[in-house]
Amino acid sequence: MKKIRIGLIGTGGICNAAHIPSYLENCMDDCEITAVCDIDANALNKTGDRLNIPAENRFYDYRELIASGLVDAVDICTSNDVHAEIALAALDAGLAVSVEKPIGMDFDQSLAIEKKAKEKGLPVFVCFSWRYRDFPRYMKYLIDQGEIGEIYHMYINCIKDSGLWKGRRMEWRFREERASSGVLCDLGSHMFDTIRFFGQEFEKIYCDRGTIVKRRQLIGSEEWGDVTTDDWAEIVCMLKSGISARVSLSRTVTTEKDLIEFYVIGSKGALRFIYDKGKQVLLRCTGDNIATNTFEELEVPAEFKARGQSRSFVDLLMGNRDEYAATISEGLYSQVAVDAAKLSSSIGRAVTVEEMFANAKN
């Protein structure tokens, strides 16, 4: 069988740390990376050398890669401000798409991608990375099987110290015109998707957010500039089931390097997933353990072992969609939650999903 040809657009940190290793470890029997693109020559050539990509298959302009005839699909790992324009151009050219979150700078851009994907009959895969990990998948299965009964509460934390790294300069994530928002979209888009992954749907959203490190030194300059994206956000999601989910986000926590927690409490007990500096654990408190608030550690059965995000994308392209894979609809509903939260923080009230759809331009 002919291998699927993948073009990587954006060869920075997330591409090299997450996307490429997943392709190399799990996908090379079915696909090959045939072209790469980046506006930065050093990043482009470093990745090109890593993958042994010929010089003529390295591009500075994504339009040239899309038109090259070298790829069947593109994997978009750029800054947020060009996700949508690249995705739309690729779809217009008949190419399938994988795109980092958030899929657009706003809800209207996301709707435009959904419309184009439907028009072209092409898949759009969204990189909500927690869907492609063993423990969250098993946690979803247990929730769906009624292990903890009717859900009463959801508490989600995604907190880290990345905004406090010494010497970190004014990269695109700290500029609203390139990122749209800070932790609200960078971390929150994953967390909002997790709420839906666990079977809930958004009704309305209330958000408060702010910035702690207000100025940063510009890249390649002695000058300083104002940070225009949020360092922290507190969100209450009111869900269609009648419960709420609280989401806490921060990149300025002095005592936590990288902590993610999904804590779901129901009528028959609770499940708690904790990711702490790379170590993962899934805990359960049900039955007789409820009286003593005792949590037991769970092992993930073999059938829930995930093979990674890139493997899920390749499976989708091969017509063998992973049942947990995130496609354009998942990206769309995460985006509407991000935009509702952003609007809520500006006007000081809860914003409904219904009004977001009613006010959309697309």
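Nothing here was measured: the structure is a model prediction, and the numbers come from that model. (Residues numbered from 1 in each chain as written. Predicted model: local features only at pLDDT ≥ 70, side-chain atom pairs only at ≥ 80, totals over all residues. Heavy atoms only, no water.)

### Here's the deal with the overall build of the chain
- The helix and strand tally for the chain stands at 13 helices and 17 strands.
- Compactness check: the chain gives a C-alpha radius of gyration of 21 Å against a globular reference of 21 Å for 362 residues, within 12% of the reference.
- Each of the three principal axes of the chain carries a C-alpha extent, and together these read 65 × 55 × 40 Å.
- Considering the chain as a whole, with its 362 residues, one finds that 55% of them fall into the buried category.
- At a minimum sequence separation of 6, the contacts of the chain that also span at least 24 residues come to 70%.
- When the accessible area of the chain is evaluated, it comes to approximately 16000 Å², of which 47% is carbon and sulfur surface.
- Looking at the chain, you have 45 positive and 55 negative side-chain charges, and the mean spots of the two groups are 1 Å apart. (Helix = DSSP H or I, 4+ residues; strand = E, 2+ residues; numbered from the N terminus. Rg over C-alpha atoms; globule rule 2.2 N^0.38 Å. Buried < 20%, exposed > 50% of the residue type's maximum accessible area, 1.4 Å probe, protein only. Contact = heavy atoms within 4.5 Å. Areas by Shrake-Rupley, 256 points an atom, 1.4 Å probe, with all protein chains shown as cover. Lys, Arg positive; Asp, Glu negative; His and termini not counted. Charge placed at Lys NZ, Arg CZ, Asp CG, Glu CD.)

### Some points on the pairing of strand E12 (residues 244-250)
- Along E12, five of the seven residues are buried, which leaves the element largely enclosed by surrounding structure.
- Taken together, the six bridges between strand E7 (residues 151-160) and E12 define a ladder with parallel strand orientation. Within E12, the residue paired with Tyr-155 across the bridge is Arg-246.
- Both strand E11 (residues 232-239) and E12 contribute to a ladder of seven bridges, which runs antiparallel. Within E12, the residue paired with Ile-235 across the bridge is Val-247.
- Between E11 and E12, which follow one another and run antiparallel, lie four residues, and Gly-242 among them has a positive phi close to 100°. (Pairing = 2+ DSSP bridges.)

### Comments concerning unusual backbone geometry
- Residue Pro-102 is bonded to the preceding Lys-101 through a cis peptide linkage, with omega at -10°.
- Inspection of the secondary structure puts Pro-102 in the loop between strand E5 (96-99) and helix H5 (107-120).
- A positive phi angle, close to 80°, is found at Ser-180, a residue other than glycine.
- Along the chain, the position of Ser-180 falls in the loop between helix H7 (176-179) and helix H8 (183-186).
- In this structure Ser-180 comes out as buried when scored by relative accessible area, which is 5%.
- The backbone of Asn-293 shows a phi angle near 50°, a positive value even though the residue is not glycine.
- One can find Asn-293 in the loop between helix H10 (289-292) and strand E16 (296-297).

### Description of the environment of Ile-39
- Examined against the element boundaries, Ile-39 turns out to sit in the loop between strand E2 (31-37) and helix H2 (41-51).
- A residue is classified by how much of its surface remains accessible, and Ile-39, at 74% relative accessible area, is exposed.
- Considered as a pair, Ile-39 and Tyr-60 are 21 residues apart in the sequence and their alpha carbons are 4.8 Å apart.

### Here we look at the pairing of strand E4 (residues 73-76)
- Of the two faces of E4, both are covered, the one formed by Ala-73 and Asp-75 as well as the one formed by Val-74 and Ile-76.
- The pairing of strand E1 (residues 4-9) with E4 spans four bridges and is classified as parallel. Paired with Leu-8 across the bridge in E4 is Asp-75.
- Relative to E5, E4 is paired through four bridges, and the arrangement is parallel. Paired with Val-74 across the two strands is Val-97, which belongs to E5.
- Between the parallel pair E4 and E5, the chain is carried across by helix H4 (residues 83-92), and the sense of this crossover is right-handed. (Right-handed = clockwise from strand over helix to strand, strands pointing away.)

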